[in-house]
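Observations on chain architecture
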Amino acid sequence: MTGRQQRADAQRNYERILEVARTVVEEQGTQASLRDISRRAEVGMGTLYRHFPTRDDLLEALLRQRFDRLTARAEELEGTGDSHEALRQWLREFLSGASTYRGLTTSMMATIGDEDSPLHASCSAMREAAGRLVERAQDDAHIRPDVDGMDVFALVSAVGWVAEQGPLVAERREHLFSLVMDGLAAGAVSGRARRSAD
């Protein structure tokens, strides 16, 4: 086998492992069995460890893919007409992924302030792209002016974390998300100001 064929096989194994890992992590959470991933991907444990020496390496690769997809999605939504719906749609997609990958929200939030994390650049790019959606919705007077992208990111991440704590709360995820969006609405500020004046 030539060097090129070996590299092609290695790349296929890498992609296959990640594809299977996404499914297994969806089922089992971030503590998913590496042996189960290896078996389903039809590669030996040695092959898995060559690509991902530790569980954290594998999770980092999955998270990086997710951050990059969400960054691209935010940039795509920036060009749509309705800034409020664009923000809502992106946040719902963010929340859906965070809830699917149990344990992801905690891992994600840990990268925000850690500039030494290999995920920091991808996470920052995602948050910056989402922040532009927030600013655009604020410019159109849909979102209250006293919040920033980090506030929105933290609130929706909190909903994702709460939804991981049990099925009863998970069933309320969409309701909780709606409450957050209602609280972020520009009208929430004026309504509170009117109540204060009364």
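The text that follows walks through the structure, step by step, so that each part is easy to find. Keep in mind that this is a model prediction, so the values were computed, not measured.

Criteria and cut-off values
Residues numbered from 1 in each chain as written. Predicted model: local features only at pLDDT ≥ 70, side-chain atom pairs only at ≥ 80, totals over all residues. Heavy atoms only, no water. Buried < 20%, exposed > 50% of the residue type's maximum accessible area, 1.4 Å probe, protein only. Helix = DSSP H or I, 4+ residues; strand = E, 2+ residues; numbered from the N terminus. Expected span 1.5 Å × (residues − 1).

So, on to unusual backbone geometry. Look at E42: it is not a glycine, yet its phi comes out positive at around 60 degrees. The exposure class of E42 is exposed, given its relative accessible area of 72%. Phi angles above zero are rare outside glycine, and A141 is one such case at about 65 degrees. Tracing the sequence through the fold places A141 in the loop between helix 7 (120-139) and helix 8 (149-163).

A separate point is helix 4 (residues 55-77). The α-helix advances 3.6 residues per turn, and as a result positions three or four apart in sequence lie on the same side. End to end, helix 4 covers 33 Å across 23 residues, agreeing with the expected 33 Å (1.5 Å per residue, within 8%). Buried residues of helix 4: L58, L59, A61, L62, L63, R66, F67, L70, T71, R73, A74 and L77, and no others.

With that out of the way, let us pick up the environment of G187. Tracing the chain through its elements places G187 in helix 11 (residues 186-197). Under the relative-accessibility criterion, G187 is labelled partly exposed at 44%. Linking G187 and R144, residues 43 residues apart in sequence, is a C-alpha distance of 7.3 Å.

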